[in-house]
Amino acid sequence: MSLEKKMKVVVLGSTGSIGVQTLDVIDKHRDRFELLGIAARDEVSLMLEQARKYKPTVIAVGDASCYKEMKNSAATDAVVLSGLEGLCELAAWPAADIAVIAVSGAIGIKPTLSALKAGKRVALANKETLVAAGDIVMEQAQQYKSALIPVDSEHSAIFQCIKGEERYLKRIWLTASGGPFKDWEKKQLEGVTVERALQHPTWAMGPKITVDSATLMNKGLEVIEAHHLFGINYDRINVVVQRESIIHSLVEFLDGSFLGHLGSHDMRIPIQYALTYPQRLASSAAELDLTLLGALHFEAPDLLRFPALGLAFQAGQTGGTMPAVLNAANEVAVNKFLNREIGFTQIAILVEKVMEAHDLVSKPDLDCILRADTWARQRSQDLSKLLVRS
Ligand code: MG
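These numbers were taken from a predicted model, which means no experiment stands behind them.

Parameters at a glance
Residues numbered from 1 in each chain as written. Predicted model: local features only at pLDDT ≥ 70, side-chain atom pairs only at ≥ 80, totals over all residues. Heavy atoms only, no water. Helix = DSSP H or I, 4+ residues; strand = E, 2+ residues; numbered from the N terminus. Rg over C-alpha atoms; globule rule 2.2 N^0.38 Å. Pairing = 2+ DSSP bridges. Contact = heavy atoms within 4.5 Å. Axes fitted to C-alpha atoms, helices over the stretch in contact; angles between N-to-C directions. Donors = N, O, S within 2.8 Å, 3.2 Å for Na, K, Ca; no water. Buried < 20%, exposed > 50% of the residue type's maximum accessible area, 1.4 Å probe, protein only. Right-handed = clockwise from strand over helix to strand, strands pointing away. Parallel < 35°, antiparallel > 145°, perpendicular 65-115°, else oblique. Left-handed = near helix turned anticlockwise from the far one by under 90°. Nonpolar A, V, L, I, M, F, W, Y, C, P; charged D, E, K, R; others polar. Salt bridge = Lys/Arg side-chain N within 4 Å of Asp/Glu carboxyl O.

Colleague: Looking at this structure, I do not really get the overall build of the chain. What am I missing?
Modeller: Scanning the chain from terminus to terminus reveals 17 helices and twelve strands. For 390 residues, the compact-globule estimate of 2.2 N^0.38 gives 21 Å, and the chain sits close to it at 20 Å. Taking the principal axes of the C-alpha coordinates as reference, the chain spans close to 55 × 50 × 40 Å.

Colleague: Would you mind showing me how to read the sheet that holds strand S9 (residues 237-242) here?
Modeller: Sheet strands pair by backbone hydrogen bonding; their relative direction is either parallel or antiparallel. In space, the five strands of this open sheet follow the order S11-S10-S8-S9-S12, with mixed pairing throughout. The open sheet has two edge strands, strand S11 (258-262) and strand S12 (298-299), and neither has a second partner. Sheet topology places S9 next to S12; two bridges connect them, and they run antiparallel. Residue pairing in the sheet places valine 241 in a bridge with glutamate 299 of S12. Of the strands in this sheet, strand S8 (169-176), strand S10 (247-253) and S11 touch helix H7 (residues 153-162), which is tilted by about 40° from S10.

Colleague: Whenever I open this one, the coordination of the magnesium ion confuses me. Can you help?
Modeller: Taken together, the protein ligands of the magnesium ion are Asp152 (OD), Glu154 (OE) and Glu222 (OE), with distances of 2.1 to 2.2 Å. Between consecutive donor residues of the magnesium ion, the sequence gaps follow D-x1-E-x67-E. We note that aspartate 152, like glutamate 154, is buried.

Colleague: Can you walk me through the sheet that holds strand S7 (residues 148-150) in this structure?
Modeller: Pairing is parallel across the open sheet formed by seven strands, whose spatial order is S4-S3-S2-S1-S5-S6-S7. Looking at strand neighbours, the two that pair on one side only are strand S4 (79-82) and S7, the edges of this open sheet. Direction aside, the axes of adjacent strands within the sheet are offset by 20° on average. Here strand S3 (residues 58-61) pairs with S4 via four bridges, running parallel. If you follow isoleucine 59 over to S4, its bridge partner there is valine 80. Strands strand S1 (7-12), strand S5 (98-101), strand S6 (121-124) and S7 of the sheet are contacted by helix H5 (residues 109-117), whose axis makes an angle of about 150° with S6.

Colleague: So what exactly am I meant to see when it comes to the pairing of S3 here?
Modeller: One face of the sheet, then the other: side chains in a regular strand alternate in exactly this way. Burial of S3 is two-sided: the residues Val58 and Ala60 facing one way and the residues Ile59 and Val61 facing the other way are all buried. Here strand S2 (residues 33-40) runs beside S3; their pairing, made up of four bridges, is parallel. Across the sheet, the residue bridging to glycine 37 is valine 58, located in S3. Taking the sense of rotation as the criterion, the β-α-β connection linking S2, helix H2 (residues 44-54) and S3 turns out right-handed.

Colleague: Hey, could you run me through the packing of H7 against helix H11 (residues 217-230) in this one?
Modeller: Contact pair H7 / H11: the axes reach a minimum separation of 10 Å and the direction vectors enclose 30°. In terms of their interaxial angle, H7 and H11 are classed as roughly parallel. As H7 packs across H11, the resulting crossing turns out to be right-handed. Judged by residue contacts, Glu154, His155, Ile158, Phe159 and Ile162 of H7 engage Lys219, Glu222, Glu225, Ala226, Leu229 and Phe230 from H11. Residues belonging to the contact of H7 with H11 are distributed by class as follows: six nonpolar, one polar and four charged.

Colleague: Looking at this structure, how should I read unusual backbone geometry?
Modeller: Glycine aside, a negative phi is what most residues show, and trans is what most peptide bonds show. In this model, tyrosine 277 is joined to proline 278 through a cis peptide bond whose omega is 5°. Within the secondary structure, proline 278 is located in the loop between helix H12 (268-276) and helix H13 (290-293). If you check the backbone angles, leucine 216 has positive phi at about 75° while not being a glycine. Tracing the sequence through the fold places leucine 216 in the loop between helix H10 (207-215) and H11. Judged by relative accessible area, which is 5%, leucine 216 ranks as buried. In this structure, serine 245 is a non-glycine residue whose phi angle is positive, near 50°. Residue placement: serine 245 occurs in the loop between S9 and S10. Given the relative accessible area of 6%, serine 245 is considered buried.

Colleague: Help me understand the pattern of salt bridges in this model?
Modeller: Any two side chains of opposite charge can pair, so long as their charged atoms come close to each other. Per the counting criterion, the structure on display carries 22 salt bridges. A salt bridge links lysine 219 to glutamate 154; the nearest nitrogen and oxygen atoms lie 2.7 Å apart. Highlighted residues: lysine 219 in helix H11 and glutamate 154 in helix H7, separated in sequence by 65 residues. You'll find lysine 219 and glutamate 154 in the same group, each marked buried. Here glutamate 252 makes a salt bridge to arginine 171, at a shortest N to O gap of 2.9 Å. Of this pair, glutamate 252 sits in strand S10 while arginine 171 sits in strand S8, placing them 81 residues apart in sequence. In the salt-bridge network here, residues are joined through shared partners; they are Lys127, Asp152, Glu154, Lys219 and Glu222.

Dropping the structure here:
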């Protein structure tokens, strides 16, 4: 094992939830992986702490105003890059084997494309990239023969279940925890506070994705993500609430067989698999004892109480620039909810209004997608002013 070449990894979004857990996985397998580069937006002190520990060769700071502070720090002699160009340069860093894209939001699109173009293995944890620019991303992965391995737990599950049998696939069953408000009445949902929305029952994640899990928009984004990753039509993607979050998704084959992926809900499992694929290594995740689990529960999601999921299906089926618009409007709406400017149920209302106002481009190039993204953000700002905070 020790004779194997160490894989060199760059992590974009190293200070976020997935980033920190990626570093944890690398830490456990120092004989197999080396952290070559890190990037984050503006969390300079945590980045410096990571730099002291892992001694990366290169560091990128997304927010250019933090560049000087990082550059002048005595804690690291790494090459320091900045801005979106810096993120793209890091993602394609010549000595790197794997780029983990764990930044949050549409900012991940260009670095992902840059890594794929450079022939890196991309461990993709940023779902917005596939949602907004899935056709282009998948095309580039194919063109440059770069491996795109999903880190999202559901897609990692499907990726593992489907391997080698894509042609027999009948349907994908994407599992959802249902979020913290699964059983709440419509009226109660209107009063959801920021504090309450940030308490997820099973997964510990960053604020954006935690709110997305509560509205089920996260599952909606994952539906679009699955469509691109596995080249499957929307009418063959089913969402099922799996309360215990033990089954991370399933595939159904033509002959009626189902294969599911089970495991404890610990993101280090899919993160590590994206790094070690097609091999497996021991993990630090808690062991799962099925005898203590007792039962597994399944139910259909309620699209009336959680309209965001339906909006995502609609955006995906419409295609073109619409998924980018859905995603951008949702990013703005979630921020506004976190800033207490709009209510919880107004997130989906705002997204729907922006989608309705959008002039669709059905075969967009990357610039067109980015313009739709910018347009949707501006439109969301404007339309949010018309919403009365309930
Ligand atoms: Mg997920």
